[in-house]
Each structure stands twice: as structure tokens, then as C-alpha cells.
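Residue strings, one per chain:
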Amino acid sequence: SVHTRDQVELPPPAIDNRLTVHPLWPEIDRISTEQIQAAFEGVGGEIGWQLFAEEGDMRMYRRYVETDSQSGEMEVDGMVTDPLKAMHKVRGVTAREMCHYFFNPRYRYEWETTLETMTIVEEIASDSLVFHQTFKRIWPASQRDALFWSHVRQSSENTYAVTNHSTTNADYPANNGACIRLFVTVCLACHTTYPAGEQPTRDNITTSIAYCSTVNPGGWAPAGVLRAVYKREYPKFLKRFTNYVVEQCRDKPIAI
Ligand code: 18C
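Residues numbered from 1 in each chain as written. Predicted model: local features only at pLDDT ≥ 70, side-chain atom pairs only at ≥ 80, totals over all residues. Heavy atoms only, no water.

Colleague: A description of the nonpolar core should follow, citing residues and the corresponding values.
Modeller: One finds Met-60, Met-98, Phe-102, Leu-188, Tyr-211, Phe-241 and Val-245 to be the most contacted residues of the largest nonpolar core, which totals 44 residues. For this core, the leading source of residues is helix 6 (residues 223-249), giving 9 residues. Every residue in contact with Met-60, bar those within four places of it in the chain, is listed here: Gln-50, Leu-51, Phe-52, Ala-53, Leu-84, Lys-85, Ala-86, Tyr-234, Pro-235 and Leu-238. Grouped together as the second largest cluster of nonpolar side chains are 11 residues, Trp-25, Ile-124, Val-130 and Leu-147 included. (Core = buried A, V, L, I, M, F, W, Y, C linked by side-chain atoms within 4.5 Å. Buried < 20%, exposed > 50% of the residue type's maximum accessible area, 1.4 Å probe, protein only. Helix = DSSP H or I, 4+ residues; strand = E, 2+ residues; numbered from the N terminus. Contact = heavy atoms within 4.5 Å.)

Shown next as C-alpha cells:
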């Protein structure tokens, strides 16, 4: 069959064989499966989720969690590691397209406003990469960096997800220079629907998005500043990213 260059690079519908023989495969598979399941669970039945941003179809919830910076145990007046859960609905783009733009490093600088630098540390497979990123510094805290694997997969029909999770690499040691290493677990899970009996088109598809994120700042950061930053940055990210994907897809053939 004939593929355009762009179609070949879309998230593959099945796990890439090169991933399943990589040392990180068991961890990538386990954490991705857990994260995708949790992303679709919603906030309805669970206690402690607090709505903090709402705009159109977008809802953002957080849970207050503070942990001890040494042991990672829960603690009062510790380091802020509030989990975030966001729900959104976007018309005119598919789950696969959403995940393509989130996963593929070629587009990252176009929608990710917190970035200072991004390096591809390892290409594990077509569906899995390892990244090193540095972020813009927030006064008065030290600059942060992160090292994480990123994996995109189809999890069921019309459902794709990207999971990012911190890892280590001897060539990128933590806390050895200007940056403090932060730890991140992020999942963008997307599910596309369209009317039964119809073919999917830009005019009849809707994609539901669940974005979950837990960031451990990795060292001291003032709690008030940190909560103010994420309260501003998460809504900004999700609006900007989804608008970006809608714009990119507008005149392209649909990729379901
Ligand atoms: O998921 C997102 N992006 C992915 C691709 O980049 C990937 C990234 C994960 C890293 C998230 C951590 C970002 C920390 C940024 C800190 C600096 C922000 C500077 C902004 C000021 C201009 O999965 C989208 C990610 C959207 C990020 C929203 C911000 C979350 C902030 C969480 C707290 C960070 C602690 C920083 C410590 C210093 C604070 C005083």
C-alpha cells in the first residue's frame, strides 16, 4: 500500500517488536497499562479531587499531596507533589492524531512553552523514546531538568495513549550541574467516538482526553510558588496543545 511520509510516522497500531526486547520493556508495559487504566477511571467516585480550572469542555482537578523530600513519605509541610487530572473534549481530531503530536519530538517546541532544551537520549523503537529536557527557571527556585521514557500505544479500538515516566541514564546523571532533577509521570489518554453507522470525518468525530500528571520537584521549592505555577501552566498547556493539534489537522486527511 502507498503511505505518505506523515502516515508512516503516526503511532503504530501494534507494539513495535524492537521495544519488547529492550531492558525497559517490562517497566514501560506495566506503567503504561496502569496509567491508561487510571486515566479513564475519572474523578467521580474518588475522594479528594478538587476542581481548580474549568473552561468550555475542559475540567482540571488536583489532590493536595505533600511528601518528605528524602523518604518520599506523605507529610504535612513537605514537598508539593499534587497529582493532577484533566478531562477535555475536542472535536475534529482523532485520538491517534492527538497522541502523534504529543509523542513526536518534531512538534514539541511548537506547543510546549515550559521547555528550554530537549535532547533525544535513545530511540528505543518507533513507539518509544528517551528524552532529556531542561525547563525554564522559576525564581527563586533552581532550574529543573528531567530524563524520561515516552511510549505511545493503541490501548483499544479508537483509543491511543502516551505515557511518560522518569528513568535514569549514566550519561545524564542527576543534580550534577545547574539543574535539580525532577521526576514525572504523565499520561495523555484519548478516545475517539463518532455516530454509529457513519464513517469518521472531521465533522462528526469527538475525542475525549484524560491527562494525568504527577511531578515531584526533586528538591526544595516553595509550596505557594509551585501551586501558583501549575495552576497557571496546566490549563495553558492543555488549551494550547489541543488548539495546536486542531490547527495542524485541519486540512489533512483524517488518521483514525
Ligand atoms: O506533559 C507535558 N509535557 C511533556 C513533554 O514535554 C512531558 C513533560 C513533563 C514535564 C513536566 C514538568 C514541567 C516542569 C516545568 C517547570 C518549569 C515551568 C516553567 C514555566 C514558566 C514559564 O510530559 C505538559 C507539561 C505541562 C507542564 C505544566 C507545569 C507543571 C508544573 C509542575 C511543577 C514543577 C516543579 C518545578 C519546580 C520549581 C517551582 C518553584
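Colleague: Describe the packing of aromatic side chains, with residues and values.
Modeller: Enumeration according to the criterion identifies 14 aromatic pairs in this entry. Both rings, one in Tyr-101 and one in Tyr-244, keep their centres 6.0 Å apart while their planes meet at 85°; by these two values the pair is edge-to-face. Of this pair, Tyr-101 sits in helix 4 (residues 95-103) while Tyr-244 sits in helix 6, and the two are 143 residues apart along the sequence. Taken as a pair, Tyr-101 and Tyr-244 share a single burial class, namely buried. When the ring of Tyr-211 is compared with that of Phe-237, the centres are 4.8 Å apart and the planes differ by 55°; the resulting orientation is tilted. Of this pair, Tyr-211 sits in strand 12 (residues 206-216) while Phe-237 sits in helix 6, placing them 26 residues apart in sequence. (Phe/Tyr/Trp six-rings, centres within 6.5 Å; stacked < 30°, edge-to-face > 60°.)

Colleague: Could you give an account of the side chain of Asp-145, with specific residues and numbers?
Modeller: For Asp-145, the position within the fold is in strand 8 (residues 144-156). For Asp-145, a relative accessible area of 6% puts it in the buried group. Discounting residues that sit within four places of it in the chain, Asp-145 has contacts with His-132, Gln-133, Thr-134, Phe-135, Cys-179, Ile-180, Arg-181 and Leu-182.

Colleague: I'd like a description of the layout of surface pockets, backed by residues and values.
Modeller: In this model, the largest pocket occupies a volume close to 1000 Å³. Contributions of two or more residues to the lining of the largest pocket are made by helix 5 (108-111), strand 7 (128-135), strand 8, strand 11 (183-193), strand 12 and helix 6. Residue contributions to the lining of the largest pocket peak at 10 residues, all from helix 6. Of the residues belonging to the lining of the largest pocket, the class tally is 22 nonpolar, 7 polar and 10 charged. (1 Å grid on protein atoms, 1.4 Å probe; cavity = no way out; pocket = protein on both sides within 12 Å on 5 of 7 lines; lining within 4 Å. Points joined across faces, edges and corners; volume = space filled by probe spheres on them. Nonpolar A, V, L, I, M, F, W, Y, C, P; charged D, E, K, R; others polar.)

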